[in-house]
Amino acid sequence: MRRAARATLWLLAGIAFVLPLRNALIATHAYLSGYWATVTDGRNIDDFAWRDPSGRTVRGPIAGEPEDGVWDEEGEGTSDITGDRVWVSREGRAYRVPPPRGDMAVGYGGVATVTGVVGYVLWAGRKSGAG
């Protein structure tokens with residue numbers, strides 16, 4: 001019985017390790033599939049321009065940009081974001097902040113947490129003489 005319980009716990013620990021690792025690796029792949037670009041024409045609301053890696057100009061919206069323009073700290077309205085950097089996904093959608101970054105942080109954080117908990121349990125078990 002004790003062996004079956006131990007095997008079940010190792011199986012659960014393995015699953016708890018693999019699931020966040022899988023999500024983190026998928027997010028890393030998505031992040032690396034995209035590219036960073038500098039906005040070359042940021043004056044027109046909802047129609048910005050940047051260059052793709054081959055040098056062609058691409059026009060389109062930037063996700064997260066307000067439809068009424070960009071506002072600075074003093075509350076002055078402006079829609080010129082020329083020179084700002086954006087991340088562009090493989091599908092061609094531009095973002096101010098890459099969405100995969102949060103998924104990578106959660107995934108790798110989950111892996112680190114599971115590794116730390118399993119390591120602590122093993123250490124505590126050996127120190128107490130159980131196992």
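Before going into details, it helps to say that this report is about the structure given with it. (Residues numbered from 1 in each chain as written. Predicted model: local features only at pLDDT ≥ 70, side-chain atom pairs only at ≥ 80, totals over all residues. Heavy atoms only, no water.)

A few points about the overall build of the protein
Here is step 1: Along the protein, the regular secondary structure elements total two helices and eight strands.
Here is step 2: Of all 131 residues assigned to the protein, the portion counted as buried reaches 28%.
Here is step 3: Expressed as a percentage of contacts within the protein between residues at least 6 apart in sequence, the contacts between residues at least 24 apart total 55%.
Here is step 4: Surface summary for the protein: the accessible area is close to 9,000 Å², and the carbon and sulfur share equals 60%. (Helix = DSSP H or I, 4+ residues; strand = E, 2+ residues; numbered from the N terminus. Buried < 20%, exposed > 50% of the residue type's maximum accessible area, 1.4 Å probe, protein only. Contact = heavy atoms within 4.5 Å. Areas by Shrake-Rupley, 256 points an atom, 1.4 Å probe, with all protein chains shown as cover.)

Some details on the packing of helix H1 (residues 2-33) against helix H2 (residues 100-128)
Here is step 1: Put simply, H1 and H2 touch, their axes get as near as 8 Å, and they point 155° apart. With respect to their mutual orientation, H1 and H2 come out roughly antiparallel. Once H1 is placed against H2, the crossing between them reads as left-handed. Facing Trp 10, Ala 13, Ala 16, Phe 17, Pro 20, Leu 21, Ala 24, Leu 25, Ala 27, Thr 28, Ala 30 and Tyr 31 of H1, the residues of H2 in contact are Pro 100, Arg 101, Asp 103, Met 104, Gly 107, Tyr 108, Gly 110, Val 111, Val 114, Thr 115, Val 118 and Leu 122.
Here is step 2: Along the lines of polarity and charge, the residues of the contact of H1 with H2 split into 18 nonpolar, four polar and two charged. (Axes fitted to C-alpha atoms, helices over the stretch in contact; angles between N-to-C directions. Parallel < 35°, antiparallel > 145°, perpendicular 65-115°, else oblique. Left-handed = near helix turned anticlockwise from the far one by under 90°. Nonpolar A, V, L, I, M, F, W, Y, C, P; charged D, E, K, R; others polar.)

Re H2
Here is step 1: In this model, H2 (29 residues) spans 42 Å end to end at C-alpha, consistent with the 42 Å of a helix rising 1.5 Å per residue.
Here is step 2: Those residues of H2 that sit buried are Pro 100, Met 104, Gly 107, Gly 110, Val 111, Val 114 and Gly 125. (Expected span 1.5 Å × (residues − 1).)

Focus: the side chain of Asp 41
Here is step 1: Looking at the element boundaries, Asp 41 is found in strand E1 (residues 35-41).
Here is step 2: Assessed through its relative accessible area of 14%, Asp 41 is described here as buried.
Here is step 3: Among the polar contacts listed, one links the side chain of Asp 41 to the side chain of Arg 59, at a separation of 3.0 Å.
Here is step 4: Aside from chain neighbours lying at most four places away, what touches Asp 41 is Asp 47, Phe 48, Ala 49, Arg 59 and Thr 82. (Polar contact = N/O pair within 3.5 Å; in protein donor to acceptor, adjacent residues only side chain to side chain.)

Describing the pairing of E1
Here is step 1: Taken together, the four bridges between E1 and strand E7 (residues 85-88) define a ladder with antiparallel strand orientation. Counted as the bridge partner of Ala 37 is Val 86 from E7.
Here is step 2: In this sheet, strand E2 (residues 48-51) lies alongside E1 in antiparallel orientation, the contact comprising two bridges. Counted as the bridge partner of Asp 41 is Ala 49 from E2. (Pairing = 2+ DSSP bridges.)

Some remarks on the pattern of salt bridges
Here is step 1: Applying the stated criterion across every chain yields a total of three salt bridges.
Here is step 2: Between Asp 52 and Arg 56 there is a salt bridge, with the nearest N and O atoms lying 3.1 Å from each other.
Here is step 3: Take Asp 52: its relative accessible area is 12%, and that puts it in the buried class.
Here is step 4: For the salt bridge of Asp 84 with Arg 96, the shortest nitrogen-to-oxygen distance reads 2.9 Å. Highlighted residues: Asp 84 in the loop between strand E6 (77-78) and E7 and Arg 96 in the loop between strand E8 (94-95) and H2, separated in sequence by twelve residues.
Here is step 5: For Asp 84, a relative accessible area of 28% gives the class partly exposed.
Here is step 6: Relative accessible area serves as the criterion here: at 28%, Arg 96 is assigned to the partly exposed category. (Salt bridge = Lys/Arg side-chain N within 4 Å of Asp/Glu carboxyl O.)

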